[in-house]
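Here's the letter readout for the chains.
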Amino acid sequence: MHLLREIEVFMRESDMASTKFGRLAVSDPRFVDDLRNGRQPGRKISKRTEHFMNKWRSDHAG
């Protein structure tokens, strides 16, 4: 799945604002808006973002 789509699903699931997501995941509150405007993240940022979402889900499960 495309990273932006995964992030959008995660933000709905977690009820997290895009600025909060960007700040927590990659220390950039404009990250999601930049992705929506065509930014292509590198492999390192993509992996960091995926790790953040997986860890958050694990920490908030159950």
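Quick caveat, the model's predicted, so the values are computed rather than measured. (Residues numbered from 1 in each chain as written. Predicted model: local features only at pLDDT ≥ 70, side-chain atom pairs only at ≥ 80, totals over all residues. Heavy atoms only, no water.)

**Quick notes on the side chain of serine 46**
Here's step 1: By the secondary structure assignment, serine 46 is in helix H4 (residues 43-59).
Here's step 2: Those residues in contact with serine 46 that sit more than four places away from it in its chain are Leu3 and Pro41. (Helix = DSSP H or I, 4+ residues; strand = E, 2+ residues; numbered from the N terminus. Contact = heavy atoms within 4.5 Å.)

**Remarks on unusual backbone geometry**
Here's step 1: You will see that aspartate 15, though not glycine, has its phi angle at about 55°, which is positive.
Here's step 2: Checked against the element boundaries, aspartate 15 lands in the loop between helix H1 (3-14) and helix H2 (18-26).
Here's step 3: The phi angle at serine 27 is positive, at roughly 60°, despite the residue not being glycine.
Here's step 4: Note on placement: serine 27 falls in the loop between H2 and helix H3 (31-36).

**Focus: the environment of arginine 36**
Here's step 1: Assignment of secondary structure puts arginine 36 in helix H3.
Here's step 2: Spatially, the C-alpha atoms of arginine 36 and histidine 60 are 26 Å apart, while their sequence positions differ by 24 residues.
Here's step 3: What arginine 36 contacts, discounting residues up to four positions off in sequence, is Leu4, Glu8, Met11 and Ser18.

Remember, this is a structural readout, not a statement about activity or role.
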